[in-house]
Amino acid sequence: MNTFKWELERTRKLLLIWTLAFVLLQFMYSSFFPSMTSEKGGLLLAKLDMLPKVFLKMFGLEYLDLTNILHYYAMQGQFIVILIGSVFAAKIGATMVVKEENDRTAEFLMSKPVTRKKIITGKLLATLANILLFDGVIMIANLIFFNIYNTSESFDFKLFWLLSLVPLFIHLTVGLLSFFLSTLQRRTGKADMISLGCVFTLYAASVLAKLTEKLDFLRFFTPYSYFDPSNIVKMRSFDTIYIVLFLIESVGFVIVSYMYFERKDIYI
Amino acid sequence: MADAIFMEKLTKYYGKNRGIVDVDLEVEEGEIFGFIGPNGAGKSTTIRLLLNFLYPTSGTARIFGKDCFRQSHEIKELTGYIPGEVSYYEDVKVKDLLEYSITFYRGDKEKYRKRMIELSERFDLNLDRKIGDLSLGNKKKVSVVQSLIHEPKILIYDEPTNGLDPLIQNELFDLIKEENKRGTTVFFSSHILSEVQKLCTRVAIIRQGKIVAVENVGNLRKKYYKVIKIEGDIGEITLSGAKNLRRVDNTVSFLFSGDINELISFLSKKHIENLSIEEPSLEEIFMSYYSKEEKRNEHIQMGA
């Protein structure tokens, strides 16, 4: 697994910066929480109630009790983790394969005694490891910060884990999609752009699915709908069909990545 | 014994663009085989097929009897490769890259590490420099070292002298000869004829994606000619082996493929102001040397 190790070393810096930034962000959000439950915060809640229903729906505020730190997180902090974290996942996935061709290092790598399958396996594992570490560290940081700043006696661990898996699952889907797209491309810039385009399109689709009944079917096509924090707060569980879709898609992206790269002409 | 390299009807089209067409080549084990042709003729395409960066449109290729497109990773255990243009991971040290390279090969890693140090010293390569900071020539040295660490049985070098200064070029040629003495087969592409002549036993000439000739270097030299330019008061040229005579004012130029001694004794009797004797360019060689073949091919094409 020398390629895996090599890739981890190459992405280490990026991973470190992104993870650190998000841990700080989580700290910020968590430390604001006590002021939410204070009197002034209560006022804000009252104001929120007056907002139009559609508005609340769009931001996923319908069923949230903002005096609960997990709800508070599901409403605000998590949105950033999910969406901006997706940018990280897309970036990691999108460059993982294509960078060899873009930087013309493919010539070195492919002249070594290693099968294309193994190259993809190493890079795939590196992508997964990056996303797991990124979301894993945020998860642990949250667990700590939430328990420090929680104002109520109880802490709903089940909901915490469910919510923590949300960004992980979404990032895995996005990362693997980008990884696949990366095997199709020859230039890093283009792969980046396409992957980011996909992230925001998928996200927009999830918002549209929520807001417009006619477009409700879109929720089956975007991971942002599969794992919607406000829904999960309401249901306290994942929907089986979404889990199945997530698995099918992830495995699907992996399989097509292998298939495509195996037959690809590498131009240098 | 199996050929070191064997290609049969190897063809590669990039969409509609020609890469190479029906290339047949056999390289014997233990020889230094030159592969020459102008830029864009298909040298790199051929090599990239051999290493399975590309898949062929049709045809077969084998190295030591192994299929280039199905057993490529086994073949690479035995090959050392230098690309035409060297690019490596910019942010790592030379040492890290070479160590990474070593991890791919089976065999004694300690021995490879020793060899890495030996070769780097020989080429005066600093292992602790970052690759991004290296000059083109130094990057090329990295690729030379990288291609030899694992003691390959065949070297596939795509224009290896590109970007190397003459001193290092000689060092490389010496090394290639040494390796060859130990039985290593060398497949060497270049667009510089003299370079190939210095080193190779046989050459294949590729042009517009097709092999136009496979020759012993000795034969090539016999048919090989010089471009002569003379300024001065020269009368009739009465040399056998001079052709394409051209006269502008008092400058005479012609192609000469006869006995050099004859040329010298002829010139010694003339009053000459200036003289140049040049190697012909590859294109010039193709024009004279292969003009017959081309005409024949054209006929075939027109007939078809």
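Thresholds, definitions, all that
Residues numbered from 1 in each chain as written. Chains lettered and ligands numbered in written order. Predicted model: local features only at pLDDT ≥ 70, side-chain atom pairs only at ≥ 80, totals over all residues. Heavy atoms only, no water. Helix = DSSP H or I, 4+ residues; strand = E, 2+ residues; numbered from the N terminus. Buried < 20%, exposed > 50% of the residue type's maximum accessible area, 1.4 Å probe, protein only. Contact = heavy atoms within 4.5 Å. Areas by Shrake-Rupley, 256 points an atom, 1.4 Å probe, with all protein chains shown as cover. Core = buried A, V, L, I, M, F, W, Y, C linked by side-chain atoms within 4.5 Å. Expected span 1.5 Å × (residues − 1). Bend = angle between axes of the 7 residues up to and from the residue. Salt bridge = Lys/Arg side-chain N within 4 Å of Asp/Glu carboxyl O. Polar contact = N/O pair within 3.5 Å; in protein donor to acceptor, adjacent residues only side chain to side chain. pLDDT = per-residue confidence, 0-100. Domains from an automatic or database assignment.

## Comments concerning the overall build of chain B
A tally of regular secondary structure across chain B gives 11 helices and 14 strands. Within chain B, the proportion of its 304 residues that are buried is 51%. Put simply, 68% of the contacts in chain B that link residues at least 6 apart link residues at least 24 apart. Accessible surface, chain B as shown: approximately 14,800 Å² in total, 47% of it carbon and sulfur.

## Remarks on the nonpolar core
Within the largest apolar cluster, 144 residues are counted, with the highest numbers of intra-cluster contacts made by Phe227 of chain A together with Met7, Leu25, Ile63, Ile176 and Phe187 of chain B. Sequence-distant contacts of Phe227 of chain A, that is, excluding residues within four places in its chain, are made with Val166, Phe169, Ile170, Ile232, Phe238, Tyr242, Ile243 and Phe246 of chain A. In this structure, Ile230, Ile234, Phe266 and Leu267 of chain B belong to the second largest nonpolar core, which totals 11 residues.

## Topic: helix α1 (residues 2–37) of chain A
Helix length check: α1 of chain A, at 36 residues, gives a terminal C-alpha distance of 51 Å against a target of 52 Å (1.5 Å per residue), a fit within 8%. At Thr11 of chain A, α1 of chain A shows its maximal kink, close to 50 degrees.

## Brief notes about the interface of chain A and chain B
In this complex, chain A contributes 25 residues to the contact, which on the side of chain B involves 27 residues. Counting every contact that joins chain A to chain B gives 4 salt bridges. Taking the shortest distance from any N to any O, the salt bridge between Glu85 of chain B and Arg104 of chain A comes out at 3.6 Å. Linking chain A with chain B are 14 residue pairs in polar contact (both at pLDDT 80 or more). Sorting the residues of the side of chain A that touches chain B by element identifies α1, α6 (106–110) and α12 (240–263) of chain A as the ones contributing at least two each.

## Considering the confidence of the model for chain B
Of all residues in chain B, 90% attain a pLDDT of 70 or more, and the chain-wide mean is 87. With pLDDT under 50 throughout, residues 299–304 of chain B is counted as low confidence; its partners more than four residues away or in other chains account for 1 contact.

## Digging into the environment of Tyr149 of chain A
Inspection of the secondary structure puts Tyr149 of chain A in helix α7 (residues 116–149). Along the primary structure Tyr149 of chain A and Phe22 of chain A are separated by 127 residues, whereas in three dimensions their C-alpha atoms are 17 Å apart.

## Digging into the domain arrangement of chain B
Often, the extent of an interface is quoted as the loss of accessible area on bringing the components together. For chain B, the domain assignment lists domain 1 (3–218) and domain 2 (221–300). Between the C-alpha centres of domain 1 of chain B and domain 2 of chain B there is a distance of 35 Å.

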